[in-house]
Amino acid sequence: MQSRLALLIVLLVLTACVTPPPTDIADSTHAYAERFSLTARVSVRVGEKLDTIKLDWTRSPPDEVIKIFTPFGAQVAEITATRDGAMVKNASGTQTAATVGDITASALGVRLDTAMLARWVQGIDLKNATNFAVFPESGNAPPWTVEAERFRVIDGARVASRITAIAGDTVVRVVIDEFRIP
């Protein structure tokens, strides 16, 4: 009798420690937040080159403002995007481009589409949050393999705490420190 009770207690304790399996990321019970603000730490590795930044991103399509900081907190650039195009201001001056992706391609060597990144942050287009091929707009570029981890619900939207995206020799890691819906 005591051994059965001890076994039951052990099973209850072990069951309490088990994390339930992740729900389907495409779960329609969570809203997609088109408009949001977030702060994050981002690293982009292309081959042997590594860039690490902090960013504050405010998204209210078609308008976006992305403030880019060094890991130590000094602002180094600000990207603004509107329906008419994108512009980056930094110590070198001001440059314009058709999209934010064109700016990141020039600055980092990798085109980062903010609409795509907004969906990844919220687990949209990712199947069960792990190792899912996401094809970029360009047909000749390698597909992104994206892993989104540690989701939490904020104002009805599901938000990842960490994202890792890999395409060829490019690795983008995003750690989301704060996510706000206005």
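In this text, all values refer to a predicted model and were calculated from it rather than measured experimentally. The residue numbers shown here count from 1 along each chain, following its written sequence. Totals for whole chains, interfaces and linings use every residue, but because this is a predicted model, local features are given only for residues with pLDDT of at least 70 and side-chain atom pairs only at 80 or more, for both listing and counting. With hydrogens and water stripped out, all remaining heavy atoms of the structure feed into the side-chain values.

When you look at the overall build of the protein chain in this model, what are you seeing that I'm missing?
When you go through the protein chain residue by residue, the secondary structure sums to three helices and twelve strands. Any residue under 20% of the maximum accessible area for its type is buried, any over 50% is exposed, and the rest in between are partly exposed; the area is computed with a 1.4 Å probe on protein chains only. Across the 182 residues in the protein chain, those meeting the buried criterion constitute 33%. We call two residues contacting when some pair of their heavy atoms lies within 4.5 Å. The contacts in the protein chain between residues at least 6 apart in sequence include a share of 40% that link residues at least 24 apart. Taken as a whole, the protein chain presents about 10,900 Å² of accessible surface, with 57% of it coming from carbon and sulfur. Segments assigned H or I by DSSP are reported as helices when at least four residues long, segments assigned E as strands when at least two residues long, and all are numbered from the N terminus. Using a 1.4 Å probe, accessible areas were evaluated by the Shrake-Rupley method; residue-level cover was limited to the displayed protein chains.

Would you explain the side chain of Thr114 in this entry?
Relative to the helices and strands, Thr114 is located in helix α3 (residues 114-121). Polar contacts, as used here, are pairs of N or O atoms within 3.5 Å; protein pairs need one atom able to donate a hydrogen and one able to accept it. Residues neighboring in sequence count only if both atoms are side-chain atoms. Among the polar contacts made by the side chain of Thr114, one reaches the side chain of Glu64 at a distance of 2.8 Å. Here Thr114 is in contact with Trp57, Arg59, Glu64, Ile66 and Val100, once residues within four sequence places are set aside.

Mind showing me how you'd approach the nonpolar core here?
Inside soluble globular proteins, nonpolar side chains tend to come together where they are buried. Counting 37 residues, the largest nonpolar core has Leu38, Trp144, Ile163, Val172 and Phe179 as its most contacted members. Sorting elements by how many residues they give to this core places strand β1 (residues 36-46) first, with five residues. Only buried residues count toward a nonpolar core. Its members are Ala, Val, Leu, Ile, Met, Phe, Trp, Tyr and Cys residues joined through side-chain atoms within 4.5 Å.

Whenever I open this one, the pairing of strand β2 (residues 49-60) confuses me. Can you help?
Looking along a regular strand, one sees the side chains alternate between the two faces of the sheet. Any two strands with at least two DSSP bridges between them are considered paired. Bridge analysis of β1 against β2 gives eleven bridges, and the strand direction is antiparallel. When the bridges of β2 are listed, Ser43 appears paired with Thr52. Hairpin connection of β1 to β2: two residues between the antiparallel strands, including Gly47 at a positive phi of 65°. Where β2 meets strand β3 (residues 63-69), seven bridges bridge the pair, whose relative direction is antiparallel. Looking across to β3, one finds that Lys54 is bridged to Phe69. Between the end of β2 and the start of β3, which pair antiparallel, lie two residues.

What's the story with the pattern of salt bridges in this structure? I'm lost.
Oppositely charged side chains can pair when the atoms bearing their charge come close. One side-chain nitrogen of Lys or Arg within 4 Å of one carboxyl oxygen of Asp or Glu is enough to make a salt bridge. Here the structure, examined in full by the defined rule, presents six salt bridges. With its nearest N and O atoms 2.8 Å apart, the salt bridge here joins Arg41 to Asp177. Here Arg41 is found in strand β1, whereas its partner Asp177 is found in strand β12 (residues 170-180), with 136 residues between them in sequence. You can call Arg41 partly exposed: its relative accessible area is 39%. For Asp177, a relative accessible area of 44% gives the class partly exposed. For the salt bridge of Asp51 with Lys49, the shortest nitrogen-to-oxygen distance reads 3.7 Å.

Explain the packing of aromatic side chains here, please?
In this description, a pair of aromatic rings is defined by centroid distance and the angle of the planes. Two rings from Phe, Tyr or Trp (for Trp, the six-membered ring) form a pair when their centres are within 6.5 Å of each other. A pair whose planes differ by under 30 degrees is stacked, one over 60 is edge-to-face, and the rest are tilted. Throughout the structure, instances matching the rule amount to two aromatic pairs. Where Phe36 meets Trp57, the ring centres are 5.1 Å apart and the plane angle is 80°; that geometry is what we call edge-to-face. One end of the pair, Phe36, is in strand β1; the other, Trp57, is in strand β2, with 21 residues separating them in the sequence. The exposure class assigned to Phe36 is buried, which follows from its relative accessible area of 0%. The interplanar angle of 25° and the centroid separation of 5.0 Å between the aromatic rings of Phe36 and Phe179 together place this pair among those described as stacked. Remark: Phe179 occurs in strand β12 and Phe36 occurs in strand β1; sequence separation between them is 143 residues. Judged on exposure class, the residue Phe36 and its partner Phe179 are both buried. A connected cluster of aromatic rings, assembled from ring pairs, spans Phe36, Trp57 and Phe179. Against the face of Tyr32 rests Arg119, its NZ or CZ located 5.6 Å from the ring centre. Geometrically, a lysine NZ or arginine CZ counts as sitting over a ring once it is within 6 Å of the ring centre and also within 35 degrees of the ring normal.

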